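Residue-level structure breakdown
Here is how the chains run, residue by residue.
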Amino acid sequence: MAESRADSDHVHPTMRLALLCIVGVVQFGLCVRPLIEFEYQPRWVAAAAFTALALVTAACAVWVMRRKPMPAAVVVLGTAVTLAASAGATRVLPPGGHFGTPDWSIGLVGWHLLLLLLDRAPALLAAMAAHLTASVGQFMLSGVHDRAEIGAAGIVAFGTAGIQLAVVPISRMLHHRTRQAMSVAAEQDRLITRVMAAEQWEREQRTVFAGQLGVTLPLLADLADGVLDPRDDDTRRRCSLAATQLRRLFAENDEVPDPLVHEVTACVDEAERRGVEVSLAVSGAAVAVPPDVRRELTSPVVATLAAARSQARVSVLRTHEDVRVAVMADVDIDVVTPISAQVVVDCDTYGEHVRMEARWLTTNS
């Protein structure tokens, strides 16, 4: 896991894929011809070094093509094989071949090291230094060289290394730009999600308010037109029901620690404003209840309290298995039992008292 994080933090998969392509083109497009044309002593060592580097490329391709980080064991073994192949290929160069056309490994090995160690800058610099030191050392031991030969060798060595090491800052810049783009895209996704959630919430609220006002507005219109008499008991009960429903609806939007009890309390307050004596009992710890379920749990409370004459008892019980909201009140009319899709509503009549209980199983959520 640590290797995966390190790789993903420093090297973009596209950069590794590009390096793999460069290695393949350089090795099989530029290095095969000098391997065939020049006399290496012995030739099998040069061929073995070429084959070993090709195998390193193939091993790296297994992970690069799948855009996965290379395991540490593959990196270590591949680096060792690459440096050994470089030393072997340089060792069997023909006279005067160092840093020239016969020295096909001087440029190829650096690309292999980049492919293996691009995300490990200190190890890459150490491996490149070892490669150049070994090449320069064998060049110096191959004979006496004049100033022109030494200058040409230096140009080839440091020019090749400079071009290859320039890939490191390019890779870092690409990774930095990619992370910035991903961060911007993620922030845009978060903003879009928030906007969509807000729009969904607004649509739901409009639907709820429209449904509630769809019952209230005709009542207000009839009162305004004189169709209904405010002194009539049935009109008063309808007004009480509408007021209780609206109070519960307004309470639904409040940010409180216990929304269910808050909404029940709003219904109780509306009943007490009409002169009904209401007692409220709450037991159990607060349970997360979805808004639509809370509406169905409080519907019996709304209907019964709106019809209550003088007194009522309301209880809220929460357990790990279920949530219950019950109400008992003295009424003088038939209370319609609310129809619920997610909670079970029981209604019992005891003389002039009606008891309703809504039960929601938390295990169904």
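Below, the structure is looked at part by part. (Residues numbered from 1 in each chain as written. Predicted model: local features only at pLDDT ≥ 70, side-chain atom pairs only at ≥ 80, totals over all residues. Heavy atoms only, no water.)

Points about helix 4 (residues 43–64)
So the rule is basically this: The way it works is that DSSP assigns letters per residue, a run of H or I at least four long becomes a helix, a run of E at least two long becomes a strand, and they are numbered from the N terminus. Expected span, for any helix, means 1.5 Å times one less than how many residues it has. Throughout, exposure labels follow a simple rule: accessible area from a 1.4 Å probe, protein chains only, divided by the maximum for the residue type, with under 20% read as buried, over 50% as exposed, and the rest as partly exposed. We call two residues in contact whenever any of their non-hydrogen atoms come within 4.5 Å of each other.
The first and last C-alpha atoms of helix 4 sit 31 Å apart over 22 residues, in line with the 32 Å expected at 1.5 Å per residue. Regarding helix 4, the residues found buried are V45, A46, A49, F50, A52, L53, V56, T57, C60, A61 and V64. Packing partners of the buried residues in helix 4 comprise helix 2 (13–30), helix 3 (32–37), helix 5 (72–91) and helix 6 (105–117).

Focus: the side chain of D322
Our working rule: Here a polar contact is taken to be a pair of N or O atoms separated by no more than 3.5 Å, where protein atoms must pair a possible hydrogen donor with a possible acceptor and residues adjacent in sequence count only if both atoms sit in side chains.
One can find D322 in strand 3 (residues 322–331). A polar contact of 2.8 Å, which involves the side chain of D322, links it to the side chain of T319. In terms of polar contacts, D322 uses its side chain to reach the side chain of R359, at 2.7 Å. With residues near it in sequence (within four places) discarded, D322 still touches L317, R359, W360, L361 and T362.

Re the sheet that holds strand 5 (residues 353–361)
Counted only if it meets this: Two strands pair under a simple rule: DSSP has to find at least two bridges between them. To obtain each axis, a line is fitted to C-alpha atoms, and for helices this fit is confined to the stretch in contact; angles are then taken between N-to-C directions over 0 to 180 degrees.
With respect to topology, five strands assemble into an open sheet ordered 1-2-3-5-4, the strand pairing being mixed. The open sheet has two free edges, formed respectively by strand 1 (277–283) and strand 4 (344–350), since each of these has just one partner strand. Geometrically, the sheet is characterised by an average inter-axis angle of 10° between neighbouring strands, direction not taken into account. In this structure, strand 3 lies alongside strand 5, joined through nine bridges in antiparallel fashion. Each residue of the ladder has a partner; that of V323, found in strand 5, is W360.

Looking at the environment of V268
Along the chain, V268 falls in helix 11 (residues 259–273). Taking the C-alpha atoms as reference points, V268 and R247, 21 residues apart in sequence, are found 9.7 Å from one another. Contacts of V268, omitting those with residues within four sequence positions, involve V278, L305 and V314.

Points about the packing of aromatic side chains
As a reminder of what qualifies: Aromatic rings from Phe, Tyr and Trp, taking only the six-membered ring of Trp, are treated as a pair when their centres fall within 6.5 Å; an angle between ring planes under 30 degrees marks them as stacked, one over 60 as edge-to-face, and anything in between as tilted.
Enumeration according to the criterion identifies three aromatic pairs in this entry. A centroid spacing of 5.8 Å and a plane angle of 90° characterise the contact between F28 and F50, whose relative ring orientation is edge-to-face. Within this pair, whereas F28 is found in helix 2, its partner F50 is found in helix 4, the two being separated by 22 residues in sequence. Seen in terms of ring centroids, F99 and F139 are 5.5 Å apart; in terms of plane orientation they differ by 85°. Their pairing is edge-to-face. With F99 in the loop between helix 5 and helix 6 and F139 in helix 7 (residues 121–141), this residue pair connects regions lying 40 residues apart in the sequence. Each member of the pair F99 and F139 is classed as buried. An aromatic cluster is defined as three or more aromatic residues linked by ring pairs; in this entry it consists of F28, F50 and W104.

Quick look at the nonpolar core
Just so we agree on the cut-off: The set of buried Ala, Val, Leu, Ile, Met, Phe, Trp, Tyr and Cys residues whose side-chain atoms join them within 4.5 Å is what this entry labels a nonpolar core.
Within the largest apolar cluster, 46 residues are counted, with the highest numbers of intra-cluster contacts made by L19, W104 and L114. With 10 residues, the top contributor of residues to this core is helix 4. Beyond its immediate sequence surroundings of up to four residues, L114 is in contact with R16, L19, L124, Q164, V167 and V168. Core analysis: the second largest hydrophobic core is formed by 32 residues, V261, V301, A329 and M356 among them.

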